[in-house]
Amino acid sequence: MDRIFSGVQPTGNLHLGNYLGAIRNWVRLQNDYECIFCVVDMHAITQWQDPAELTANTREVAAAMIAAGIDAKKHIIFNQSQVPAHAELAWIFNCVARMGWLNRMTQFKEKAGKNRENASVGLYAYPVLMAADILLYKGTHVPVGEDQKQHLELARDIAQKFNNDFKTDLFPVVEPLIFGAATRVMSLKDGTKKMSKSDPSDLSRINMTDDADQIAKKIRKAKTDPEPLPESTKEFNGRPEAANLIGIYAALSDSSVEDVCARFGGEPFSTFKQHLADLAVSSLAPMQEEMRRLMQDTSHVDAVLADGAARARAVAEPILGEIKDVVGFLSP
Ligand code: AQP
């Protein structure tokens with residue numbers, strides 16, 4: 001069976017975009033792939049994280065994966081820092097990847113902003129660690145959003161250069177798995193920006209921990225335009241907020257964007273927002289309830305992460321051994 005690796009950073013404010021764009025799709029992959037899902041805490045510290053919050057956020061992301069329906073017995077859920085082989089392989093890959101390749105990464109430019117001199121070395125090398133995450137398990141498929149495609153290409157380049165330099169076929173070619181509808185959820189305050197954990201405005205996103213009142217309020221306050229709901233996707237042009245809210249409705253109701261337009265087209269946003277709020281509250285409630293339960297007593301989540309890490313180490317260590325042999329590292 002092909003193997004999938006994917007991760008979420010425990011950087012706080014896990015949101016509807018992370019759920020609809022990543023975690024929910026992972027649940028659907030479980031029958032067709034051997035899955036390794038990782039809370040990438042080592043990626044998270046490429047930007048400052050308060051230590052106590054990092055611990056709490058690590059548990060929250062794991063709780064979301066479990067609550068969403070990922071089977072942690074059949075597949076692996078763990079946090080990255082419990083498997084030291086990620087850091088070891090990242091170092092080897094730091095010596096394979098070229099500065100020129102990393103200099104082209106747009107996410108570094110966006111995250112470092114104007115103050116590049118003050119960004120951490122870790123933030124710069126982030127895509128190298130991501131390549132190590134995937135290739136440490138000889139992952140063949142990675143479910144990624146649009147925003148991660150460039151990093152995945154870098155992982156392919158690193159694997160290929162390693163294979164060429166050492167005249168081996170140790171690493172497989174990694175394929176992206178890109179999902180169709182509503183993989184990209186946009187900010188409720190600006191339909192041209194993605195919904196993001198780090199947006200300073202809490203009203204821009206629906207957090208997985210928001211209660212029914214907060215969800216309803218955020219949808220009520222979501223930015224719209226003065227026109228009624230579009231009757232077809234052809235009218236989406238120049239209306240990013242309308243497209244976003246309709247996309248969210250379609251994703252939550254498992255219907256097509258066209259169907260949602262056909263049903264609500266011509267209605268005022270106020271009516272549609274009420275329907276959307278009811279749908280969001282009712283469809284997220286079971287998962288949120290389960291997340292709350294798991295976060296009240298974290299012993300189950302901690303046990304899942306420890307067990308997952310032990311099983312991840314069992315897969316990763318022989319592969320890392322193979323890699324070290326190829327590189328020429330002497331071991332007893
Ligand atoms: N708005 C989104 N719509 C759809 N998918 C999204 N993802 C993130 N935002 C959206 C997907 O969630 C997975 C985990 O993302 P991450 O933890 O690596 O964080 P990120 O991609 O950097 O985006 P965030 O959550 O908004 O965090 P910040 O604010 O720190 O950038 C990925 O599969 C991602 O595609």
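Residues numbered from 1 in each chain as written. Predicted model: local features only at pLDDT ≥ 70, side-chain atom pairs only at ≥ 80, totals over all residues. Heavy atoms only, no water.

1. Points about empty space enclosed by the protein
Cut-off, in case you're wondering: Here the term cavity refers to a set of points on a 1 Å grid, laid over the protein atoms alone, in which a 1.4 Å probe fits but cannot get out; the term pocket refers to an open set having protein on both sides within 12 Å along at least five of seven lines, with lining residues being those that place an atom within 4 Å of a point. Grid points are joined across faces, edges and corners, and a volume is the space filled by probe spheres set on the points. By definition, any uninterrupted DSSP run of H or I lasting at least four residues is a helix, any uninterrupted run of E lasting at least two residues is a strand, and each is numbered from the N terminus. Gly counts as polar in this scheme, as do all residues outside two lists: the nonpolar Ala, Val, Leu, Ile, Met, Phe, Trp, Tyr, Cys and Pro, and the charged Asp, Glu, Lys and Arg.
Summed over all chains, the structure comprises 2 cavities of 30 Å³ or more. Every residue along the wall of the largest cavity is listed here: Gln107, Phe108, Lys111, Leu123, Tyr126, Pro127 and His151. Secondary structure elements with two or more residues in the lining of the largest cavity: helix H6 (106-112) and helix H7 (121-135). Here the residues of the lining of the largest cavity sort into 4 nonpolar, 2 polar and 1 charged. Taken as a whole, the second largest cavity holds about 30 Å³ of empty space. Taken together, Ser187, Leu188, Ala222, Lys223, Glu241, Asn244 and Leu245 make up the lining of the second largest cavity. Across the lining of the second largest cavity, the residue classes tally to 3 nonpolar, 2 polar and 2 charged.

2. Some words on the layout of surface pockets
Within this model, the largest pocket holds a volume of roughly 1400 Å³. Taken together, the residues that form the lining of the largest pocket break down as 17 nonpolar, 22 polar and 10 charged.

3. Quick notes on the pattern of salt bridges
Applicable threshold: When a carboxyl oxygen of Asp or Glu is within 4 Å of a side-chain nitrogen of Lys or Arg, the pair counts as a salt bridge. Exposure is judged per residue with a 1.4 Å probe applied to protein chains only, and the accessible area is read against the type maximum: over 50% gives exposed, under 20% gives buried, and values in between give partly exposed.
This model, assessed by the stated rule, comprises 16 salt bridges. In this structure, lysine 193 and aspartate 199 form a salt bridge, with 3.6 Å as the shortest nitrogen-oxygen distance. Judged by its relative accessible area of 41%, lysine 193 falls in the partly exposed class. On the basis of relative accessibility, which here comes to 11%, the residue aspartate 199 falls in the buried class. Between aspartate 307 and arginine 311 there is a salt bridge, with its nearest N and O atoms 3.3 Å apart. Here the residue aspartate 307 and the residue arginine 311 both occupy positions in helix H13 (residues 299-327), the gap between them amounting to 4 residues, near one helical turn. Beyond isolated ion pairs, a larger network of salt bridges with shared partners links Asp202, Arg205, Asp210 and Lys218.

4. Thoughts on the domain arrangement of the chain
To be explicit about the condition: Annotation comment: domain bounds sourced from an automatic or database domain assignment. Two parts lose some accessible area (1.4 Å probe) when they are put together, and adding that loss for both gives the buried area.
Per the domain assignment, the segments making up the chain are domain 1 (3-178 + 298-327) and domain 2 (202-293). Taking only C-alpha atoms, the centre of domain 1 and the centre of domain 2 are 30 Å apart. Of the roughly 1200 Å² buried between domain 1 and domain 2, counting both surfaces, carbon and sulfur atoms make up 71%. On the domain 1 side of the contact with domain 2, Leu16, Tyr19 and Ala67 bury the most area, a combined 39% of that side's loss. At the junction of domain 1 and domain 2, the tally comes to 1 salt bridge. In this structure, aspartate 254 and arginine 28 form a salt bridge, with 3.3 Å as the shortest nitrogen-oxygen distance. Put simply, the parts of the chain that give the side of domain 1 that touches domain 2 at least two residues each are helix H1 (16-29) and helix H3 (51-68). Along the lines of polarity and charge, the residues of the side of domain 1 that touches domain 2 split into 8 nonpolar, 2 polar and 3 charged.

5. Considerations on the packing of H1 against H3
Using the following cut-off: Between the N-to-C directions of two axes lies an angle of 0 to 180 degrees, each axis being a line fitted to C-alpha atoms and, for a helix, fitted only over the stretch in contact. Put simply, angles under 35 degrees are roughly parallel, angles over 145 are roughly antiparallel, angles from 65 to 115 are roughly perpendicular, and the rest are oblique. Crossing handedness follows the turn of the near helix against the far one: under a right angle anticlockwise gives a left-handed crossing, and clockwise gives a right-handed one. The contact rule is simple, with two residues in contact once any of their heavy atoms fall within 4.5 Å.
The N-to-C vectors of H1 and H3 enclose an angle of 55°; their axes lie 9 Å apart at closest approach. It follows that H1 is oblique to H3 by the angle criterion. Classified by chirality, the crossing of H3 by H1 is right-handed. Between H1 and H3, the contacting residues are Tyr19, Ile23, Trp26 and Val27 on the first element and Ala64, Met65 and Ala68 on the second. Partitioning the contact of H1 with H3 into residue classes produces 7 nonpolar, no polar and no charged.

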